[in-house]
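# Structural characterization, general
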Amino acid sequence: DYLKIHYGEEVMFSFMRKLSLSADILKCHDIDININVITDLCLELNSFGFHESEIINMGAWSYRLNKDSDLGEDFRKFDNLSSLYKEVCSHYSKKFDQNFQYEFVNENKDEIVIRSKVSEMALDAYSGQQIGNQLTCLSKIGVFSTFSCYLGLEKSKVSKTHCIYQGDDYSQYIIKFN
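We now turn to the structure provided with this report. Fair warning: this is a prediction, and the values are worked out from it, not measured in the lab. (Residues numbered from 1 in each chain as written. Predicted model: local features only at pLDDT ≥ 70, side-chain atom pairs only at ≥ 80, totals over all residues. Heavy atoms only, no water.)

Each helix and strand counted, the chain has eight helices and four strands in total. Seen in sequence order, the chain has helices and strands lined up from the N terminus as α-α-α-α-α-α-β-β-α-α-β-β. Considering only residue pairs separated by 6 or more positions, the chain has 58% of its internal contacts joining residues 24 or more positions apart. Counting every atom, the chain has about 10000 Å² of accessible surface; 48% of that belongs to carbon and sulfur. (Helix = DSSP H or I, 4+ residues; strand = E, 2+ residues; numbered from the N terminus. Contact = heavy atoms within 4.5 Å. Areas by Shrake-Rupley, 256 points an atom, 1.4 Å probe, with all protein chains shown as cover.)

Further remarks concern helix α4 (residues 52-66). Taking 1.5 Å of rise per residue, the 15 residues of α4 would be expected to cover 21 Å, and the 23 Å separating its terminal C-alpha atoms lies within 8% of that figure. Among all positions of α4, only Glu54, Ile55, Met58, Gly59, Ala60, Trp61, Ser62 and Asn66 are buried. (Expected span 1.5 Å × (residues − 1). Buried < 20%, exposed > 50% of the residue type's maximum accessible area, 1.4 Å probe, protein only.)

Okay, the packing of α4 against helix α8 (residues 134-146) next. Two numbers describe how α4 lies on α8: the axes approach to 6 Å, and their chain directions differ by 45°. Looking at the two axes, α4 sits oblique to α8. Along this stretch, α4 crosses α8, giving a crossing that reads as right-handed. Residues Glu52, Ile55, Ile56, Gly59, Ala60, Ser62 and Tyr63 of α4 form the contact with α8, whose own contacting residues are Leu135, Leu138, Ser139, Ile141, Gly142, Val143, Ser145 and Thr146. (Axes fitted to C-alpha atoms, helices over the stretch in contact; angles between N-to-C directions. Parallel < 35°, antiparallel > 145°, perpendicular 65-115°, else oblique. Left-handed = near helix turned anticlockwise from the far one by under 90°.)

The subject of this paragraph is the pattern of salt bridges. Inspection of the entire model under this criterion finds four salt bridges. Here Asp74 ties to Lys77 by a salt bridge, and the two come within 3.8 Å at their closest N and O atoms. Residue classification places Asp74 among the partly exposed positions, given a relative accessible area of 22%. With its nearest N and O atoms 3.3 Å apart, the salt bridge here joins Asp110 to Lys109. (Salt bridge = Lys/Arg side-chain N within 4 Å of Asp/Glu carboxyl O.)

Strand order in the open sheet formed by four strands is β1-β2-β4-β3, with antiparallel pairing between adjacent strands. A single partner strand is all that each edge strand has here, and the edge strands are β1 (100-107) and β3 (157-162). Averaged over neighbouring strand pairs, the angle between their axes works out to 25° when direction is ignored. Two strands pair when backbone bridges link them, and strand β2 (residues 111-118) and strand β4 (residues 171-176) are joined in this way by six bridges, in the antiparallel orientation. By the bridge assignment for β4, Ile114 is matched with Tyr173. (Pairing = 2+ DSSP bridges.)

Written as C-alpha cells, this is what we have:
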C-alpha cells in the first residue's frame, strides 16, 4: 500500500514481481508475511536507491493499515503509552511479529526502552540462518514510532542503541514521547 500510494502502482508491482509475490497479498492486511519477504523487500528498496527514512516510513505505514482493525481498537483502549508498550511486548507482538521476542525494559518520564531478540520459534524454523537485517530494524523503528498515534498523540521519536546485526545480543529501541 505504501509503495502504491507514494510511488504508483507500476513501482509497487515491479517490486512484487522481483520478489515473486502474488497480487493476492494486497487483498488481506491480516496475512502473515515471512520475514524473508520483508528482508528481501528492504534490500530491493535499498538497492533501488530508497533512503533509510523511506523504510522507516514504510514501517510507520502500519498505523494507517491497522488503525481501524481489531488490533487498532485494542490499542486505543489503553490510557497511556507505558501500559500500551508493556502489553505490546508481552502479548500483542506475537500477533504482528512472530520472529522476535520483545521485552519492555524500563521507562522514565520521557522515554521507554524496548529490547528484541530472535524468537526460539524463528531460530528453530530458520535453522540458525540470519533472520532479518539492519534494514528490517528500520521498519520496526517506524512501527514503534506510531504506537502513540493509537492514543491520539504525535508520533514518537525512536532510536536504536544496540543491534543484533552489529554483534549485540539484542536490539534496543529508545522511544521518546515528550
